[in-house]
Amino acid sequence: GMLLKDQVKTVSRNNIFVSLPGSDLMNAMFLRAGSTILTPCRKVHVVENSNEVRIWFQAIPNLRVYEVCGPMDVTFEGQASILNTTAFHNALRMAVSDWKKRHTIST
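The text that follows walks through the structure, step by step, so that each part is easy to find. (Residues numbered from 1 in each chain as written. Predicted model: local features only at pLDDT ≥ 70, side-chain atom pairs only at ≥ 80, totals over all residues. Heavy atoms only, no water.)

Topologically, Thr39 is positioned in strand S2 (residues 36–40). Overall, the relative accessible area of 0% leaves Thr39 in the buried class. A distance of 2.8 Å separates the side chain of Thr39 from the backbone oxygen of Ser19, its partner in a polar contact. Residues in contact with Thr39, not counting those within four places in the same chain, are Ser19, Leu20, Pro21, Leu25, Tyr66, Glu67, Val68 and Phe88. (Helix = DSSP H or I, 4+ residues; strand = E, 2+ residues; numbered from the N terminus. Buried < 20%, exposed > 50% of the residue type's maximum accessible area, 1.4 Å probe, protein only. Polar contact = N/O pair within 3.5 Å; in protein donor to acceptor, adjacent residues only side chain to side chain. Contact = heavy atoms within 4.5 Å.)

Moving on: the pattern of salt bridges. Following the criterion strictly, the structure yields two salt bridges and no others. Two residues, Arg102 and Asp98, come together in a salt bridge whose shortest N-O distance is 3.2 Å. With a gap of four residues between them, Arg102 and Asp98 both fall in helix H3 (residues 85–102), about one helical turn apart. By relative accessible area, Arg102 is classed as partly exposed at 25%. Among the ionic contacts, a cluster of salt bridges with common partners joins Arg64, Asp98 and Arg102. (Salt bridge = Lys/Arg side-chain N within 4 Å of Asp/Glu carboxyl O.)

This is the structure we're talking about:
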């Protein structure tokens, strides 16, 4: 894997962070204020939103989180999560559009 300093450098240069939920999402703690996270929901006995977002990422100022969780967005077969790529793509477009609106400098 990458050294911690390389992980921090890589993540902190990004404005939009797309990740699976769970421990994969933890590098988002290196995001700058005003960044955006996009992640699908997961299933651990029941479908749940990412507890990482609820517990860890509330401290990042102006962080926007898009969780793709609708019943048509993510389906589950046993331990497998099946992501509706159209729904995820639409959420990504919405996240990018929102980020651009928030970071446009008015003249």
